[in-house]
Amino acid sequence: MTRSRDPASALPPARDTAPPEAGAAAPRGLAADALAGLSGSPKRLSSKYFYDDRGSRLFERIMRLPSYYPTRVEAAMLRRHARDLLDALDTGGSPIEMLELGSGDGRKTLALCRAWLKAGAELVYRPMDISAQALDQLSARMARQLPALAVHPLCGDYFQTWPIPSARRRQVALFLGSNLGNFTDEEARRFLRRVRAHLRRGDSLLLGLDLRKDPHTVLAAYDDPEGVTAAFNLNLLRRLNRELGMDFDLDRFRHYASYCPLQGVARSFLVSQARQTVRSALLRREFHFGAGEFIYTEQSQKYERAGVEAMAADTGFELRAWFEDPALPYALVACRATG
Ligand SMILES: C[S@@+](CC[C@H](N)C(=O)[O-])C[C@H]1O[C@@H](n2cnc3c(N)ncnc32)[C@H](O)[C@@H]1O
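These remarks concern the structure in this document. (Residues numbered from 1 in each chain as written. Predicted model: local features only at pLDDT ≥ 70, side-chain atom pairs only at ≥ 80, totals over all residues. Heavy atoms only, no water.)

## Digging into the sheet that holds strand 12 (residues 294-301)
Using the following cut-off: Strand pairing is assigned whenever DSSP detects at least two bridges linking the two strands. Secondary structure elements follow DSSP: runs of H or I no shorter than four residues count as helices, runs of E no shorter than two count as strands, and numbering proceeds from the N terminus.
Ordered by their spatial adjacency, four strands build an open sheet running 1-12-9-8, and the pairing between neighbours is mixed. Bordering the open sheet on either side are strand 1 (43-44) and strand 8 (253-260), each of which pairs with just one other strand. Relative to strand 12, strand 1 runs parallel, the two being bridged by two bridges. Directly across from Arg-44, in strand 12, lies its bridge partner Tyr-296.

And the structure:
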């Protein structure tokens, strides 16, 4: 990791405001999760908090890094298999509501939407994300590059929100970018069951999943020499400083990434470089760190086909099609909600 240059320096300065006063309102989820996560052992923070405005912009830079293969591979596969996917979902010509969970800036989905419109599908695109900034970017891009597409963004948490389905449209839920891999196996199953509970029989789910491959390739994707992933990970502490009135010194924590080929899991951590105490004005708490103690911030599961098939069957889905990139193993998986 290059630590001499701040990879976020190309971004506008972070708007770190004065720490909120104790008792001021903060997002309830973040406050409760940070309190529990930083009080436990090992310390943990959920990867869903990466995506404030600055985090979303840093993630866009990660997606353009040469070492971050998932975006590149998935984008090419979506272009290549767009028609095959539409056929596999077998919507019987019904109008489609494409609901993308955690859409980000929707760059990859644009090609899919374009191909489906070209194929004559009557399509409404409903990107859902907790980042308003990502949705604004997405809407501007779609309006510019695919004005024929009806786009209805929904800013919210996919654990709490789901649009009321239209009686005349088939819902196709998209969960791309191997985001499922950020969940543990148990969480992933719970998430898929939740998605299944919202879908009606005959609706579909389209997953983009990273597969097991050379451990060096995987590790490089989470530990780029440019240090953008490190800045993205550390931005989580910047967010806690801003939103929970904490006093993390970012120079006293360091990004660490690992990949375990036995489990097929990449993990990211923030490691305390010294013994230190961090305070939160809003939580009215102190958190102690030993030298070398870490906060576990993200996991990224790499999958095998048999495991995905079992998980789909176990959560109320039937696997309809599996497209795989053989050069850099990655899968697009079309599933149908079963009875
Ligand atoms: C890793 S990015 C992937 C974006 C896009 N799916 C892709 O493949 O490029 C994850 C996105 O999910 C969003 N996200 C994370 N947790 C979420 C949640 N609970 N509800 C809605 N969106 C969420 C983030 O804001 C971010 O834009």
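## With respect to the pattern of salt bridges
Under the convention used in this document: Within this document, salt bridges are pairs made up of a side-chain nitrogen of Lys or Arg and a carboxyl oxygen of Asp or Glu, the two lying within 4 Å of each other. Only protein chains enter the accessibility calculation, which uses a 1.4 Å probe. A residue is then buried if its area is under 20% of the maximum for its type, exposed if over 50%, and partly exposed in between.
Applying the stated criterion across every chain, the model contains 25 salt bridges. Note that Lys-108 and Glu-74 form a salt bridge whose closest N and O atoms lie 2.5 Å from each other. Taken together, the residues span a long stretch of sequence, with Lys-108 in helix 4 (residues 107-118) and Glu-74 in helix 3 (residues 69-89) at a distance of 34 residues. We note that Lys-108, like Glu-74, is buried. Between Lys-302 and Asp-210 there is a salt bridge, with its nearest N and O atoms 2.8 Å apart. Of this pair, Lys-302 sits in the loop between strand 12 and helix 9 (305-314) while Asp-210 sits in strand 7 (residues 204-210), and the two are 92 residues apart along the sequence. Side by side, Lys-302 and Asp-210 carry an identical accessibility label, which is buried. Residues participating in the shared-partner salt-bridge network are Asp-52, Arg-239, Arg-242 and Glu-243.

## Re helix 2 (residues 53-63)
This is how the line gets drawn: Two residues form a contact once any of their heavy atoms are found within 4.5 Å.
Three or more residues of helix 2 are buried, namely Arg-54, Gly-55, Ser-56, Leu-58, Glu-60, Ile-62 and Met-63. Where helix 2 is buried, its residues touch helix 3, helix 5 (132-145) and helix 8 (228-244).

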